[in-house]
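# Examining the three-dimensional arrangement
Listed below, chain by chain, are the residues.
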Amino acid sequence: STEATAGQAALPEDVGQRGVEALLEEVWDGGCVDSTHQPLALLLMAVGPEDVARIRTGRLTRQAMDYLRLIRDFFGITFKVKADADSKTVTLSCLGYGYRNVSKQVT
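Residues numbered from 1 in each chain as written. Predicted model: local features only at pLDDT ≥ 70, side-chain atom pairs only at ≥ 80, totals over all residues. Heavy atoms only, no water.

Taking strand neighbours across the sheet as the criterion, the 3 strands line up as E1-E3-E2 in an open arrangement whose pairing is antiparallel. The open sheet terminates on both sides in strands that have one partner only, identified here as strand E1 (52-57) and strand E2 (80-84). Between one strand axis and the next, the sheet turns by 15° as a mean value, whatever way the strands run. As judged from the 5 bridges shared by E2 and strand E3 (residues 89-95), these two strands associate in the antiparallel manner. Each residue of the ladder has a partner; that of Asp84, found in E3, is Thr89. (Pairing = 2+ DSSP bridges. Helix = DSSP H or I, 4+ residues; strand = E, 2+ residues; numbered from the N terminus. Axes fitted to C-alpha atoms, helices over the stretch in contact; angles between N-to-C directions.)

Right, let's talk about the pattern of salt bridges for a bit. Counted under the stated rule, the structure contains 5 salt bridges. For the salt bridge of Arg56 with Asp84, the shortest nitrogen-to-oxygen distance reads 3.6 Å. One end of the pair, Arg56, is in strand E1; the other, Asp84, is in strand E2, with 28 residues separating them in the sequence. Take Arg56: its relative accessible area is 35%, and that puts it in the partly exposed class. For the salt bridge of Arg69 with Asp66, the shortest nitrogen-to-oxygen distance reads 2.9 Å. Separated by 3 residues within a single helix, Arg69 and Asp66 lie in helix H4 (residues 62-75), roughly one turn from each other. For Asp66, a relative accessible area of 32% puts it in the partly exposed group. Taken together, the shared-partner salt bridges in this structure form one network comprising Glu25, Asp29 and Arg59. (Salt bridge = Lys/Arg side-chain N within 4 Å of Asp/Glu carboxyl O. Buried < 20%, exposed > 50% of the residue type's maximum accessible area, 1.4 Å probe, protein only.)

Given below as structure tokens:
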């Protein structure tokens, strides 16, 4: 993001260099979700349909691990975490809560 890469009076070349480095780090980590959005993906998996949801991410961030604890405490949902040493990624799976918007009218 702009806030993460640009400092006060930063040269455009420096901003571009930091952006490229951040992008390459995310690509190198692998997975389908970047590190910033891991907690959002975990929440959507948890409140999704009552079916198994799976996702592959790079290294789990501290925020994602804290969020896993919050989801466990709030919804009672535990995730199965499986590390893949070859690709250095993590596969997470859970059974969704089945949250439904009861205020939504069906047409």
